[in-house]
Amino acid sequence: MIKSFVKLISKNNVLEQIRYASQALPQLSSEKYNIKRKTFGTIEPSDVGYFRSILGEERVLTDESDVLPYNIDWIKNCRGQSRVVLKPRSTEEVSTILKYCNDKRLAVCPQGGNTGLVGGSVPVFDEIVISFALMNKIDTLDDLSGALVCEAGCILENLDNYVREHGLIMPLDLGAKGTCHIGGNTSTNAGGLRLLRYGNLHGSVLGIEAVKADGTVIDCLRALKKDNTGYHLKHLFIGSEGTLGLVTKVAIHCPVLPKSVNLGFFGVKNFENVLKLYKSAKSKLGEILSAFEMADFDSIDCTVKNLKLPNPISEYPFYVLVETHGSDEAHDSEKLTRFLASEMETGLIVDGTVASEPAKMQTIWNLRESIAGAGLAGGYVFKYDVSIPLKNYYDLVPILRKRLGDKALKVFGYGHVGDGNIHINVTVPQYTKEVSSLLEPYIFEEVSKVNGSISAEHGIGFRKPMYIHYSKDQSALQLMKDLKQLMDPNGILNPYKVLPDAV
Amino acid sequence: MSRVLVGVKRVIDYAVKVRVKPDKTGVVTDGVKHSMNPFDEIAVEEAVKMKEKKIASEVIAVSCGPAQAQETLRTALAMGADRAIHVEVTGPAYDTLQPLHVAKILAKLSKDEKADIVIVGKQAIDDDSNQTAQMTAALLDWPQATFASKVEKTGDGLTVTREIDGGLEVIKTKLPAVVSADLRLNEPRYATLPNIMKAKKKPLKKVTPKDLGVDIAPRIKVVSVEDPPVRQAGAVVPDVDALVAKLKEGGHI
Ligand SMILES: Cc1cc2nc3c(=O)[nH]c(=O)nc-3n(C[C@H](O)[C@H](O)[C@H](O)COP(=O)(O)OP(=O)(O)OC[C@H]3O[C@@H](n4cnc5c(N)ncnc54)[C@H](O)[C@@H]3O)c2cc1C
Ligand SMILES: Cc1cc2nc3c(=O)[nH]c(=O)nc-3n(C[C@H](O)[C@H](O)[C@H](O)COP(=O)(O)OP(=O)(O)OC[C@H]3O[C@@H](n4cnc5c(N)ncnc54)[C@H](O)[C@@H]3O)c2cc1C
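Computed from a predicted model, the values in this text were never measured in an experiment.

(A) Molecular detail of the overall build of chain B. Looking only at helices and strands, one finds seven helices and 11 strands in chain B. Taken along its principal axes, the extent of the C-alpha atoms in chain B is 65 × 45 × 40 Å. Scored against the burial criterion, the 253 residues of chain B give a buried share of 45%. Contacts in chain B between residues at least 24 apart in sequence constitute 72% of all its contacts with a sequence separation of at least 6. When the accessible area of chain B is evaluated, it comes to approximately 13,500 Å², of which 53% is carbon and sulfur surface.

(B) Highlighting the interface of chain A and chain B. With 30 residues of chain A at the interface, the matching set in chain B holds 25 residues. Surface buried jointly by chain A and chain B totals about 2,100 Å² across both partners, of which 68% is contributed by carbon and sulfur atoms. Contact with chain B buries surface across chain A, with Met344, Pro358 and Lys360 of chain A losing the most and accounting together for 21% of the total. Where Lys17 of chain B meets Glu165 of chain A, a salt bridge forms, and the shortest distance between an N and an O atom there is 3.6 Å. For the side of chain A that touches chain B, the secondary structure elements donating two or more residues are helix 1 (2–21), strand 10 (260–268), helix 13 (329–346), strand 13 (351–355) and helix 14 (358–374) of chain A.

(C) Molecular detail of the environment of Lys360 of chain A. If you trace the backbone, Lys360 of chain A turns up in helix 14. The class for Lys360 of chain A is buried, based on a relative accessible area of 17%. The sequence separation of Lys360 of chain A and Pro312 of chain A amounts to 48 residues, and the corresponding C-alpha distance is 9.5 Å. Not counting chain neighbours up to four residues away, the residues in contact with Lys360 of chain A comprise Ala355 of chain A together with Glu41, Thr75 and Tyr190 of chain B.

(D) Just the confidence of the model for chain B, in detail. Mean pLDDT over chain B works out to 94, with 100% of the residues at or above the 70 mark. Across the predicted assembly, pTM comes out at 0.87 and ipTM at 0.82.

(E) Up close: the UniProt feature "domain: FAD-binding PCMH-type" (unreviewed entry) in chain A. UniProt annotation of "domain: FAD-binding PCMH-type" (unreviewed entry) refers to residues 77–257 of chain A when read in the numbering used here. Measuring from the first to the last C-alpha atom of residues 77–257 of chain A gives 37 Å, for a span that is 23% helix and 22% strand.

(F) Main features of the site of ligand 1. Residue and element names in this part refer to chain A. Taken together, 36 residues are adjacent to ligand 1, and Pro110, Gly112, Gly113, Thr115 and Gly116 come closest. Within the backbone of Gly116, one N or O atom sits 2.6 Å away from an oxygen atom of ligand 1. Separating an oxygen atom of ligand 1 from a backbone N or O atom of Glu241 is a distance of 3.3 Å. Against a free-state accessible area of 970 Å², the protein chains account for coverage of 97% of ligand 1.

(G) Highlighting the pairing of strand 10 (residues 177–181) of chain B. Among the five residues in strand 10 of chain B, five count as buried, and that is most of the element. On strand 10 of chain B, burial covers both faces: Ala177, Val179 and Ala181 of chain B on one face and Val178 and Ser180 of chain B on the other are all buried.

(H) Main features of the UniProt feature "domain: Electron transfer flavoprotein alpha/beta-subunit N-terminal" (unreviewed entry) in chain B. Per the UniProt record, "domain: Electron transfer flavoprotein alpha/beta-subunit N-terminal" (unreviewed entry) is found at residues 24–216 of chain B. A helix fraction of 32% and a strand fraction of 31% characterise residues 24–216 of chain B, whose end C-alpha atoms lie 23 Å from each other.

(I) Quick look at the confidence of the model for chain A. For chain A, per-residue confidence averages 93 on the pLDDT scale, and residues scoring 70 or more make up 95% of the total. Long-range and interchain partners of residues 1–22 of chain A, a stretch whose pLDDT sits below 50, account for 12 contacts in this model, where long-range means more than four residues apart.

(J) A look at helix 15 (residues 396–404) of chain A. Residues and elements named next belong to chain A. Considered for burial, the residues of helix 15 that qualify are Leu396, Val397, Leu400 and Leu404. The arc that holds the buried residues of helix 15, viewed along the axis, is 95°, so those residues lie on one side. Following helix 15 by one or two positions, Gly405 adopts a phi angle in the positive range, close to 55°.

(K) Broad picture of the packing of aromatic side chains. Residue and element names in this part refer to chain A. Per the counting criterion, the structure on display carries 21 aromatic pairs over all chains. Geometrically, the ring pair formed by Phe265 and Tyr319 is stacked, given 5.5 Å between the ring centres and 10° between the ring planes. Note that Phe265 is positioned in strand 10 and Tyr319 in strand 12 (residues 318–326), a separation of 54 residues in sequence. Each member of the pair, Phe265 together with Tyr319, is buried. Where Phe271 meets Tyr394, the ring centres are 5.5 Å apart and the plane angle is 20°; that geometry is what we call stacked. Within this pair, whereas Phe271 is found in helix 11 (residues 271–285), its partner Tyr394 is found in the loop between strand 14 (380–387) and helix 15, the two being separated by 123 residues in sequence. Pair check on accessibility: Phe271 and Tyr394 agree, each one buried. Three or more aromatic residues joined by ring pairs make a cluster, and in this case those are Phe271, Phe318, Tyr393 and Tyr394. Directly above the ring of Tyr431 sits Lys32, whose terminal nitrogen or CZ lies 4.1 Å from the centroid. Stacked on the ring of Tyr442, the Lys or Arg Arg403 has its end atom at 3.7 Å from the ring centre.

(L) Main features of the domain arrangement of chain A. All names here are of chain A. Per the domain assignment, the segments making up chain A are domain 1 (11–16 + 258–372), domain 2 (17–131), domain 3 (138–253) and domain 4 (379–471). Averaged C-alpha coordinates put domain 1 and domain 4 at centres separated by 24 Å. Across the interface of domain 1 and domain 4, roughly 1,400 Å² is buried in total on both sides, 63% from carbon and sulfur atoms. Here domain 1 and domain 4 share two salt bridges between them. Here domain 1 is connected to domain 4 by 11 residue pairs in polar contact (both at pLDDT 80 or more). Broken down by secondary-structure element, the contributors of at least two residues to the side of domain 1 that touches domain 4 are helix 11, strand 11 (289–296), helix 12 (297–307) and helix 14. For the side of domain 1 that touches domain 4, the element with the highest residue contribution is strand 11, accounting for five residues. Taken together, the residues of the side of domain 1 that touches domain 4 break down into 11 nonpolar, one polar and four charged.

(M) Fine view of helix 11 of chain A. Given a rise of 1.5 Å per residue, 15 residues ought to cover 21 Å, and the 20 Å separating the end C-alpha atoms of helix 11 of chain A matches this to within 8%. Residues of helix 11 of chain A that are buried include every one of Phe271, Asn273, Val274, Leu277, Tyr278, Ser280, Ala281 and Leu285 of chain A, and no others.

(N) Here's a closer look at the sheet that holds strand 11 (residues 204–207) of chain B. Residues and elements named next belong to chain B. If you walk across this open sheet you meet the nine strands as 9-8-7-10-6-1-4-5-11, and the pairing is mixed. Looking at the sheet topology across the chains shown, the edges are occupied by strand 9 (167–174) and strand 11. Taken over all neighbouring pairs, the strand axes of this sheet differ in orientation by 30° on average, direction set aside. Note that strand 4 (residues 56–65) and strand 5 (residues 83–88) share six bridges and pair parallel. The partner of Ala61 across the bridge, within strand 5, is Ala84. In this fold helix 2 (residues 69–79) packs onto strand 4, strand 5 and strand 11, with an angle of close to 165° to the strand it touches most, strand 5.

(O) Layout of unusual backbone geometry. The residue after Glu440 of chain A, namely Pro441 of chain A, is reached through a cis peptide bond having omega 5°. Here Pro441 of chain A is to be found in the loop between helix 16 (433–439) and helix 17 (442–449). With an omega dihedral of 0°, the bond running from Leu175 of chain B to Pro176 of chain B counts as a cis peptide bond. With respect to the helices and strands, Pro176 of chain B occurs in the loop between strand 9 and strand 10.

(P) A look at empty space enclosed by the protein. All names here are of chain A. One pass over the structure, following the stated rule, counts five cavities of 30 Å³ or more. When its volume is computed, the largest cavity comes out at roughly 110 Å³. What lines the largest cavity is a set of 14 residues, and nearest its centre among them are Ile75, Asn77, Leu117, Lys383 and Arg463. For the lining of the largest cavity, a count of residues per class yields seven nonpolar, two polar and five charged.

Cut-offs used in this document
Residues numbered from 1 in each chain as written. Chains lettered and ligands numbered in written order. Predicted model: local features only at pLDDT ≥ 70, side-chain atom pairs only at ≥ 80, totals over all residues. Heavy atoms only, no water. Helix = DSSP H or I, 4+ residues; strand = E, 2+ residues; numbered from the N terminus. Buried < 20%, exposed > 50% of the residue type's maximum accessible area, 1.4 Å probe, protein only. Contact = heavy atoms within 4.5 Å. Areas by Shrake-Rupley, 256 points an atom, 1.4 Å probe, with all protein chains shown as cover. Buried area = accessible area lost by both parts, 1.4 Å probe. Salt bridge = Lys/Arg side-chain N within 4 Å of Asp/Glu carboxyl O. pLDDT = per-residue confidence, 0-100. UniProt positions renumbered as here; feature names shortened; annotations may be inferred. Near = heavy atom within 4 Å. Polar contact = N/O pair within 3.5 Å; in protein donor to acceptor, adjacent residues only side chain to side chain. Arc of directions from axis to C-beta. Phe/Tyr/Trp six-rings, centres within 6.5 Å; stacked < 30°, edge-to-face > 60°. Lys NZ or Arg CZ within 6 Å of the ring centre and 35° of its normal. Domains from an automatic or database assignment. Nonpolar A, V, L, I, M, F, W, Y, C, P; charged D, E, K, R; others polar. Expected span 1.5 Å × (residues − 1). Pairing = 2+ DSSP bridges. Axes fitted to C-alpha atoms, helices over the stretch in contact; angles between N-to-C directions. 1 Å grid on protein atoms, 1.4 Å probe; cavity = no way out; pocket = protein on both sides within 12 Å on 5 of 7 lines; lining within 4 Å. Points joined across faces, edges and corners; volume = space filled by probe spheres on them.

The structure is reproduced here in structure tokens:
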């Protein structure tokens, strides 16, 4: 009895330990990518003493094993060398910390749920990690306007559970929802599974409170849908990945909880038919369409096998997931039935299933959301997240398969068709420079040729500044650099990230 | 070949958070998503498998409840049941419908439909009674194979593996018999689109307990329904020694 009790209580910690003990630590980012430390100050015991004087003992982590998880990113590609993690609980504390760091030229790395996929959330050298984990309070919710105001460290899924109690949902949803923070979502302008329906965060974020590098608190936290008073500064903090300021509070618009939800999961013969089905779904389902996602055979196969998840339907070259959100069950189900009947007749849908029961829908969504993590079980994953015009959407996958041959275990593609955004994963037994150099910059060149984006929703972070020019021209990069100079003249906020040194 | 009768109950979906009514007479069901009791899905799956293996000639799904019980029956039909019987029980009568009533209804229908096997879930996830299979068997005076994790046709009877404390028990029963499905009996399928479409056209008959001569006057009175106590926040302890010390301190060991 007592044994199983102990097991239960320590399960999470043990899992964490296994995660780090069973796998060799990733190579240090600075070595792997040959980066030189910039001339920042180094942390002295007196600095740690100062932080302790503001935050107390417990909210300043310096123990190596305590700090380690904050140094490693989710896909275990990057490892930093930070020795201090700070856990502020209020905007004032963030401001005090930044003012001090700015005066002393100490670099910082803001961290939310650390689920970012481009290495932006972990330090490269000894940047001080500022974790938002304890800034997790909800300020207000207006259930008429749908405006939610909360601190940056609130976990997305907790917020969603909270607003659901009030008949609302969060405007974004993604596989990492149980871990990622709203501040991290905002800082990466996360897209996710329902962008198609509810738009991106530049639309749904109503206001932001952020702290500039010098500690100044910028208050743009109005929870208004309309506020054309001067420059729209909040947008500077949406998607700037912690390089222009630290987001401490967010006001966000929550749409109404749909009364009727349906989910279909279909087998499709080829990619051309996926696109035809998308066109048909847009016209036949119209305003109730809330997600249109696709995954190829290998995406699902790898997820089913590596994570032991059930595939609700038989095997097909492509899978499509269609979700509807509406306010009237009878209306929605009639529409959906007509859409299904017609597309089974045309053969665009070969087979599939539909569900409106929450538990069944969760099982199907879980399969789709787990693809992102499934490749990791087999070794190392190179992940690419690109926007490509729909007619070329899937082209890169077969091209890469050919290019890599047996150097890759699998090359698979899945993603948000509705947003023109595909995730391409290349799984290999372990990271090698050889495979890396076959992929990069090749992929970015190809994406650039069709005027796509080399980073659709994951951002630039640490991994992609050298490739940003494939998507942004000199004029845009120069203005970004000028903004950075204006807002963070000492460059202490998340250095080595987003902007390349030479513009 | 046998004719199989499967009981399917419409319950609050297990992914939904259940709320107690303010007056504590029950839980809130209005506007709450329902689905087929998961153990009944397993029962349907087993019956459909029997049909696919040509052990069963026909699968009849039965649900007692309000009009929406027909949705649950359509799900069973989409999974492969041949026809459905909706025993309509609505309003306050449904609130007080109890396992004994359902068992009487199933027993009567089994006779009327000349069923050889009755399969139900071992329990419904809403009231957790775990009584219907046993009572149905008693009323029919048929053998019962409860908590089945494997069902095979052997000779003119069934060989059923049952999950019991500490292991498995294998029993043989003659037919007709009543079986209750446990969690590991099978993995219920997702209805495929063509079958979902076909299910809309399969026969569904509506009857009332009165038609069947079953009295559904309540035998049990629910005194009060309460929320479970709120779990107290846990605390993280640094190591096992500290944990043991804490447990001793709290008088748990
Ligand atoms: C399984 C999985 C699925 C995913 N699916 C999607 C998806 O569908 N769509 C999508 O867009 N993304 C997806 N992602 C990546 C996505 O960007 C992150 O999950 C999420 O938006 C980042 O939030 P986070 O709190 O984990 O931020 P972190 O990873 O901690 O940080 C991300 C970046 O934001 C900065 N940052 C964090 N908090 C703050 C703050 N308060 N102030 C300033 N800067 C801050 C960090 O420095 C870093 O540069 C997925 C990731 C995983 C692991
Ligand atoms: C009958 C009527 C109804 C209206 N209803 C609404 C309404 O429902 N909602 C609403 O938001 N507004 C409304 N407006 C006001 C609204 O701002 C303008 O109608 C419209 O958006 C401005 O467009 P414009 O081309 O006329 O710009 P102008 O009036 O010419 O200019 C508006 C501002 O933009 C600048 N500007 C114009 N063109 C450029 C450019 N190419 N580059 C840089 N700066 C430029 C100008 O210098 C000026 O500061 C209404 C106005 C009228 C007369």
